[in-house]
Amino acid sequence: MPFSRAIMNTALPTTSLGLKVFFIGGEDLKAHLTTFHTQMMLTGVSDVVYCKMLMGTLSSAMFEWFVSFPDGNITNFDQFATLFGEQYLVKKAPTRISYDVFDVKQYQG
């Protein structure tokens, strides 16, 4: 598991945190992290719990990306969120800009 020993040894709260966000890879990363962070702030839990709970929001390819890190690589939430953002930006298609339409051509017929 990519989390440090300190993160792995910390128990999650016994009460349900009830997160309702999941990230597959096609969603807006900033919106996902903002929603996640807002829900976590309301619980008053530690940085370590943030890490474990963010891991639980990852689905399919994003989870496979996460488990590909070496053991003990992730030591805090800020680092995890930064790595998450960097991975997502690599996969994200570039945003279209209005002047992109200047290259559009219509052929006869």
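Everything here concerns the structure above.
Let me begin by describing the structure that accompanies this report. (Residues numbered from 1 in each chain as written. Predicted model: local features only at pLDDT ≥ 70, side-chain atom pairs only at ≥ 80, totals over all residues. Heavy atoms only, no water.)

### Let's talk about the side chain of Thr57
Stage number 1. The residue Thr57 is located in the loop between α3 (47-55) and α4 (60-67) in this model.
Stage number 2. In this structure the side chain of Thr57 is engaged in a polar contact, spanning 3.1 Å, whose partner is the side chain of His32.
Stage number 3. Not counting residues within four places of it along the chain, the set of residues in contact with Thr57 comprises Leu19, Val21, Phe22, Phe23, His32 and Phe36. (Helix = DSSP H or I, 4+ residues; strand = E, 2+ residues; numbered from the N terminus. Polar contact = N/O pair within 3.5 Å; in protein donor to acceptor, adjacent residues only side chain to side chain. Contact = heavy atoms within 4.5 Å.)

### Digging into the packing of aromatic side chains
Stage number 1. Going through the model one piece at a time under the given rule, you end up with 9 aromatic pairs.
Stage number 2. When the ring of Tyr50 is compared with that of Phe77, the centres are 5.2 Å apart and the planes differ by 80 degrees; the resulting orientation is edge-to-face. Remark: Phe77 occurs in helix α5 (residues 77-91) and Tyr50 occurs in helix α3; sequence separation between them is 27 residues. For the pair Tyr50 and Phe77, one class covers both residues: buried.
Stage number 3. Ring plane angle 35 degrees and centroid distance 5.2 Å describe the contact between Phe66 and Phe80, whose orientation is recorded as tilted. With Phe66 in helix α4 and Phe80 in helix α5, this pair connects stretches of sequence that are 14 residues apart. With respect to burial, Phe66 and Phe80 carry one shared label: buried. (Phe/Tyr/Trp six-rings, centres within 6.5 Å; stacked < 30°, edge-to-face > 60°. Buried < 20%, exposed > 50% of the residue type's maximum accessible area, 1.4 Å probe, protein only.)

### With respect to the nonpolar core
Stage number 1. With 25 residues, the main nonpolar core has Phe3, Phe36, Leu58, Trp65, Phe66, Phe80 and Phe84 as its most contacted residues.
Stage number 2. Mapped onto this core, the elements with two or more residues apiece are α2 (29-43), α3, α4 and α5.
Stage number 3. At 6 residues, the largest contribution of residues to this core is made by α3.
Stage number 4. Setting aside chain neighbours within four positions, we find Phe84 in contact with Phe23, Leu29, His32, Leu33, Leu54, Leu58, Met62 and Trp65. (Core = buried A, V, L, I, M, F, W, Y, C linked by side-chain atoms within 4.5 Å.)

### Some details on the environment of Met40
Stage number 1. On the secondary structure map, Met40 appears in helix α2.
Stage number 2. For the pair formed by Met40 and Met53, sequence separation is 13 residues and the distance between their alpha carbons is 8.6 Å.

### Digging into a nonpolar patch on the surface
Stage number 1. A cluster of nonpolar side chains, namely Met1, Met8, Phe63 and Val67, defines an oily patch on the protein surface of about 320 Å² accessible area.
Stage number 2. Relative to the elements of secondary structure, Val67 occurs in helix α4. (Patch = residues over 30% accessible without salt bridge, like charges linked within 9 Å, V, L, I, M, F, W, Y side chains within 5 Å. Areas by Shrake-Rupley, 256 points an atom, 1.4 Å probe, with all protein chains shown as cover. Salt bridge = Lys/Arg side-chain N within 4 Å of Asp/Glu carboxyl O.)

### Overview of α3
Stage number 1. Counting buried positions over the 9 residues of α3 gives 7, a clear majority of the element.
Stage number 2. By the burial criterion, the buried members of α3 are Val49, Tyr50, Cys51, Lys52, Met53, Leu54 and Met55.

### Things to note about the side chain of Ser4
Stage number 1. Mapped onto the elements, Ser4 comes out in the segment before α1 (5-9).
Stage number 2. For Ser4, the contacting residues outside a window of four places in its chain are Gly72, Ile74 and Thr75.

### Structural notes on the packing of α2 against α3
Stage number 1. Closest axis-to-axis distance for the α2/α3 pair is 11 Å, and the angle between their directions is 130 degrees. By the angle class used here, α2 and α3 are oblique. Crossing geometry of α2 relative to α3 is assigned as right-handed. For the pair α2 and α3, contact is made by His32, Leu33, Phe36, His37, Met40 and Met41 and by Val49, Tyr50, Met53 and Leu54, respectively.
Stage number 2. Residues that form the contact of α2 with α3 fall into these classes: 8 nonpolar, 2 polar and no charged. (Axes fitted to C-alpha atoms, helices over the stretch in contact; angles between N-to-C directions. Parallel < 35°, antiparallel > 145°, perpendicular 65-115°, else oblique. Left-handed = near helix turned anticlockwise from the far one by under 90°. Nonpolar A, V, L, I, M, F, W, Y, C, P; charged D, E, K, R; others polar.)

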